[in-house]
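Here's the letter readout for the chains.
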Amino acid sequence: MTDDDPGAGDPGQLRSLARNRDAVLRATSAAVRAVRSATEFDHTAWAGSAADAFAATVPSVLASALVLEAGLQFHETALARYADGVAAIQEEQREALRQLAEAEATIGSERTWLLDLDDQFYRVTALGAGEPGDLADLRQQRARAEDTAALAERERADVESALEDLRVRRRRLDGAFVEALHDADDANAVVRRAGVAASATDLVALLAAMTPEQVRSYADAHRALVRAAFSGGADAVRRRWDSMGVSDGTTAVQSALLAALPSFFGSRDGVPVEARVAANRHVAVRRIRRLDHERAALVARGRRGEGDLRQRIAQLDAERAYLALVVAGRRRTYLLDIDHSRIIEVLGTPSPATRHVITYVPGTFTNLDAMYGGGVRQVPAYLSRRHQEDAVVFVYKDGRFPGVVEPDGTTTARGFVIEANDTAFALRSGRQLASFTRGVESDPVLAAARSTAIGHSWGLANVAASEVAGSRYDAVVSLSGAGMPLDWRADPATEYFDYSYNDVLQVLQAPVLDAVWQGVNPRHEPAFEHGPYYRSPADDAADRTPGLAARVEAELGALTSNHSLVASNAPANRPLLQDLDRQVLR
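Just so we're clear, the structure is a prediction, and the values are computed from it rather than from any experiment.

## Let's talk about the overall build of the protein chain
Summing up its helical and strand segments, the protein chain has 22 helices and eight strands in all. Counting over 586 residues, the protein chain shows a buried share of 45%. Long-range contacts, defined as pairs at least 24 residues apart, comprise 72% of the intrachain contacts of the protein chain with a sequence gap of at least 6. Only carbon and sulfur atoms are counted for the fraction: they give 54% of the accessible area of the protein chain, which is about 28300 Å².

## A closer look at the pairing of strand β5 (residues 450–456)
β5 sits mainly inside the fold: seven of its seven residues count as buried. Burial of β5 is two-sided: the residues Arg-450, Thr-452, Ile-454 and His-456 facing one way and the residues Ser-451, Ala-453 and Gly-455 facing the other way are all buried. Bridge count for strand β3 (residues 356–361) against β5 is six bridges, and the pairing is parallel. Bridging across to β5, Val-357 finds its partner in Ser-451.

## Overview of the side chain of Asn-562
Here Asn-562 lies in helix α21 (residues 548–565). A polar contact is formed between the side chain of Asn-562 and the backbone oxygen of Asn-502, at a distance of 3.0 Å. Within polar-contact distance, the side chain of Asn-562 engages the side chain of Asp-539 at 3.1 Å. Look past the residues within four positions of Asn-562 in its chain and what remains in contact with it is Tyr-501, Asn-502, Asp-503, Ser-536, Ala-538 and Asp-539.

## Concerning a nonpolar patch on the surface
Together, Leu-548, Val-552 and Leu-556 line one region of the surface with nonpolar side chains, adding up to about 310 Å² of accessible area. With respect to the secondary-structure elements, Leu-548 resides in helix α21. Accessibility expressed as a relative area gives 71% for Leu-548, which makes it exposed.

## Looking at the side chain of Arg-287
Turning to its location among the elements, Arg-287 is positioned in helix α11 (residues 273–300). Aside from chain neighbours lying at most four places away, what touches Arg-287 is Glu-319, Leu-323, Ile-338 and Asp-339.

## Section: the confidence of the model for the protein chain
In this model, the protein chain carries an average pLDDT of 83, and 80% of its residues clear a pLDDT of 70 or more. Taken as a whole, residues 183–198 scores under 50 in pLDDT and shows 24 contacts with residues more than four places along the chain or in a different chain. Considering only residues more than four positions removed or in separate chains, one finds that residues 408–414, a stretch of pLDDT under 50, has nine contacts.

## Some remarks on the pairing of strand β7 (residues 495–499)
The side chains of a regular strand alternate, residue by residue, between the two faces of the sheet. Of all five residues making up β7, four are buried, and the element is well covered by its neighbours. Note: strand β6 (residues 475–479) against β7, five bridges, orientation parallel. The residue bridging Leu-479 from the neighbouring strand is Tyr-499, located in β7. As paired strands, β7 and strand β8 (residues 528–529) are joined by two bridges and run parallel to one another. Across the sheet, the residue bridging to Tyr-496 is Phe-528, located in β8.

## A word on the packing of helix α20 (residues 537–544) against α21
Relative orientation of the contacting elements α20 and α21 amounts to 175°, with a least axis distance of 8 Å. By the angle between their directions, the pair α20 and α21 is classed as roughly antiparallel. Residue-level inspection shows Ala-538, Asp-539, Ala-542 and Asp-543 of α20 in contact with α21, the latter providing Arg-551, Ala-554, Glu-555, Ala-558, Ser-561 and Asn-562. Per-class residue counts for the contact of α20 with α21 are four nonpolar, two polar and four charged.

## Considering the nonpolar core
The biggest cluster of nonpolar side chains holds 44 residues, and the ones touching the most others in it are Leu-336, Leu-479 and Tyr-499. Of all the elements, helix α12 (residues 306–327) adds the most residues to this core, at six residues. In contact with Leu-336, other than residues within four places in its own chain, are Asn-280, Val-283, Ala-284, Tyr-322, Leu-323, Val-326, Arg-342 and Ile-343. Of all hydrophobic cores here, the second largest spans 39 residues; its members include Val-277, Phe-401, Val-476 and Val-516.

Here is what the cut-offs are and how they apply
- Residues numbered from 1 in each chain as written.
- Predicted model: local features only at pLDDT ≥ 70, side-chain atom pairs only at ≥ 80, totals over all residues.
- Heavy atoms only, no water.
- Helix = DSSP H or I, 4+ residues; strand = E, 2+ residues; numbered from the N terminus.
- Buried < 20%, exposed > 50% of the residue type's maximum accessible area, 1.4 Å probe, protein only.
- Contact = heavy atoms within 4.5 Å.
- Areas by Shrake-Rupley, 256 points an atom, 1.4 Å probe, with all protein chains shown as cover.
- Pairing = 2+ DSSP bridges.
- Polar contact = N/O pair within 3.5 Å; in protein donor to acceptor, adjacent residues only side chain to side chain.
- Patch = residues over 30% accessible without salt bridge, like charges linked within 9 Å, V, L, I, M, F, W, Y side chains within 5 Å.
- Salt bridge = Lys/Arg side-chain N within 4 Å of Asp/Glu carboxyl O.
- pLDDT = per-residue confidence, 0-100.
- Axes fitted to C-alpha atoms, helices over the stretch in contact; angles between N-to-C directions.
- Parallel < 35°, antiparallel > 145°, perpendicular 65-115°, else oblique.
- Nonpolar A, V, L, I, M, F, W, Y, C, P; charged D, E, K, R; others polar.
- Core = buried A, V, L, I, M, F, W, Y, C linked by side-chain atoms within 4.5 Å.

As structure tokens, then:
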């Protein structure tokens, strides 16, 4: 598109290009079958070093043919979708331009009429022309003309805003089209046609033999195959990654891969922690450019939709400030996918000295702002500082948490109380956490360390659900944890601990109510070790409050504040944190 014309382009020609690609694709698919047939031979009739050398070249030859076939498929699909998108924008643009022309014509005619009324008004008032009552009639006509012109100007402003929205949509459509050209949705199918194990292994070996410049060029041209080379489970991905060579951290070729496909490698289970952190710095750089572009477009709209506009700009600024910390290395992200509300931070660096792997899962209402502001990092940061040399700590937010509205403004929440007690929601989240755990355990250094999962409030339900999904921890810690699914069973090899104040959640968990997780709660589960409730300053202040009404109010306030205190690094919470450190991270 051009900057001013969101409807630029001919959908008919685009669809013709798509049909052309489809025709070539059919011919190419036939050629791929021919290539596959031509590379097959009878190993009993031909054996030895020459036959082995020929067989070794087969995967790369076939891969080249498959690259062409996949590329044509991607082109055909992307062009067809792009043509439909352009056609839809053009249709809306035509209607908007028609409305704009009508509004401008109305404004022009009413302004002309106002000038004529001004002339008549002058003749009546200054020259004394006309009949009695003409002045009142002129005033009424002028008021109607001004109202009509004002209405038309508002309609014009609305249409101009709609046209700007179309420009934004077209920019997004163009961006999606560019990304679709490199789409890897069919990567697994490509690998299946080439032969999974041999093709993946040979592709990784091919990449390892390239220079960094060659890797960047190859990855840009053949994204589907590069992604396919690192498909499969976390252990398989780790073996292939390590086969590319080991250096002090990451080789130059591996770094080139991270820069070429940062979103893929920055979220791929099996890729080492430090490599994922490096990839996600690239993700942050790219996203900052996108945010700056969106912000500039919003500012250019001026005062239209001022309240919503200010709110969106504030969201962009908060996200950008966080991403700047990621780029600077002050926040290290193991996962960074903000569009899907996914951020996992990592504190500490894996090394042979690592003795503890700690996964901290915050509770209900944990949204992106909680990650940006760092409020949920208080307990993880405390533990990381206490174990700088021997612990790696993950701050886990992978997806939407109960009671949280999605970044795009939509929500499926049915009320946080219901959602935070929803077994199906917890089990889905638990499967995601279990997948993360498997990825971490693919690192030999981290797999050998003592694993501890800490859940605050609903976060404990997430941890317990991950155990249902197959995760195993050396220790599970509840910080005023919500509860466990009915399918959960304590693992005899796992130590369980509960650290809590008397808070609002504990009141709801009382056996007389059983209002949380059907009574399956850490404080009442025999597997969880615990002492008496910790005492907070708010508890002490409530005890000293005179008067029944004031005291009840103070006690209610303490119940609420205590639930936040347990997940904080406030001085009042240090005794609890010190006990946790001494008893669990020994």
